[in-house]
Amino acid sequence: MELQVEAEVERLAHARTRLQKAGVEAAAACVVLGSGLKTFGETLTNPLSVSFDDVPEFPRPRVAGHGGELIQGTIGDTLVHCLTGRVHLYEGWHPWELVRAVRTVALLGTGTFVLTNAAGGVREDLAPGDLMLIRDHLNLTGKNVLCGEHHDALGPRFPPMSEVYCAHARARLHSLDPKLVEGVYCQVSGPSYETPSEVKMIGLLGGDAVGMSTVPEAVALRAMGKRVVGLSLITNRAAGLSAVAPNHEEVIAEGKKAAQRMERLLTAAIPALA
Ligand code: HPA
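As the structure is a computational prediction, the values presented were derived from the model and not from experiment. (Residues numbered from 1 in each chain as written. Predicted model: local features only at pLDDT ≥ 70, side-chain atom pairs only at ≥ 80, totals over all residues. Heavy atoms only, no water.)

Q: Is there a simple way to think about the side chain of T214 in this case?
A: Within the secondary structure layout, T214 lies in the loop between β8 (209–211) and α6 (215–223). Engagement of the side chain of T214 in a polar contact is seen with the side chain of S213, the distance being 3.0 Å. Among residues more than four places away in sequence, those in contact with T214 are R86, L115, T116, N117, I134, Y165, Y185 and Q187. (Helix = DSSP H or I, 4+ residues; strand = E, 2+ residues; numbered from the N terminus. Polar contact = N/O pair within 3.5 Å; in protein donor to acceptor, adjacent residues only side chain to side chain. Contact = heavy atoms within 4.5 Å.)

Written out as structure tokens, the structure reads:
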């Protein structure tokens, strides 16, 4: 399906107007919540929730463990947005649809985006329950969200990706949680989990964790000049590295178990980053 960029920019403007009419304003940060992590939205004070059903431009998540709303609220004095779910390439969406919600929030004027995900640990020290701050990524999906007709409203034609994940923000997060490890997130298309040989290849290429999201949002937001932070919750050892094959139930269950540490870190980090 070919999408026209003029029409896409118009859809983003319509979606932004709908959010504004519902009371959503530019926030200090927007957190995108990955598989099993949607409860962070419930920790915000004075929450205002807008269902994606009220923003017909937004594709609706169809995967268990993903919500479908924008929650605006505060942490102390800091205004924050949460997107409680995302859509994935493997569901058949066009790459532009994957980033429509974050681009809309970016056009509202929100400047910092925290992208969270569930991922399989490839590097030896990454075990279920660990949090990994994303230092950089490898895109093994064969797709780049910026392909297709260009529009200056969405950033330059050839944006650099030399520092996708803000080094300054990473330093702040390390000071808040000295045990936080850092690594390279590798995105594959899914939906099948990797073969053991693919996991070996990802490790040889420099990937520390593997997952099925995040890169399109990170690239689209950096192209728009936004600050990006990435956090992977390791839900399982990647295929071939443990006796148990990766499975979605384990991913959701581990997400729920480790959600508290992620929530504590986000609650401390967001006002510090703002
Ligand atoms: N592979 C790909 N995506 C994932 C995994 C994995 O092992 N765990 C959670 N998301």
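Q: What am I meant to see in the site of the ligand here?
A: If you check the shell around the ligand, you find A118, A119, G120, Y193, E194, V210, G211, M212, T235, N236 and V251 and nothing else. At 2.8 Å, a side-chain N or O of E194 approaches a nitrogen atom of the ligand. Here the ligand is seated within the largest pocket. For the shell around the ligand, the element with the most residues is strand β5 (residues 112–121), which contributes three residues. Looking at side-chain class alone, the shell around the ligand contains six nonpolar, four polar and one charged residues. (Near = heavy atom within 4 Å. 1 Å grid on protein atoms, 1.4 Å probe; cavity = no way out; pocket = protein on both sides within 12 Å on 5 of 7 lines; lining within 4 Å. Sits in = over half its atoms within 2 Å of the grid points. Nonpolar A, V, L, I, M, F, W, Y, C, P; charged D, E, K, R; others polar.)

Q: Is there a simple way to think about a nonpolar patch on the surface in this case?
A: A grouping of L140, M201 and L205 is seen on the molecular surface, where their side chains present a nonpolar patch of about 250 Å² in accessible area. Looking at the secondary structure, you find M201 in helix α5 (residues 196–205). (Patch = residues over 30% accessible without salt bridge, like charges linked within 9 Å, V, L, I, M, F, W, Y side chains within 5 Å. Areas by Shrake-Rupley, 256 points an atom, 1.4 Å probe, with all protein chains shown as cover. Salt bridge = Lys/Arg side-chain N within 4 Å of Asp/Glu carboxyl O.)

Q: What should I look at first to understand the pattern of salt bridges in this one?
A: It is possible for side chains of opposite charge to pair when their charged atoms get near one another. All told, the structure shown has 10 salt bridges when counted by the stated rule. Of the charged contacts, one joins R100 and E8 as a salt bridge, the two residues approaching to 2.8 Å between their closest N and O atoms. Of this pair, R100 sits in helix α3 (residues 100–108) while E8 sits in helix α1 (residues 5–21), and the two are 92 residues apart along the sequence. The burial state of R100 is the same as that of E8; both residues are buried. For R86, the salt bridge is made with E217, and the minimal N-O distance between the two is 2.8 Å. Of the two residues, R86 sits in the loop between β4 (78–83) and α2 (95–98) while E217 sits in helix α6, which places them 131 residues apart along the sequence. There is no split in this pair, since R86 and E217 are both buried. Each member of the salt-bridge network shares a partner with another, and the members are E8, R11 and R100. (Buried < 20%, exposed > 50% of the residue type's maximum accessible area, 1.4 Å probe, protein only.)

These figures come from the coordinates and say nothing about function on their own.
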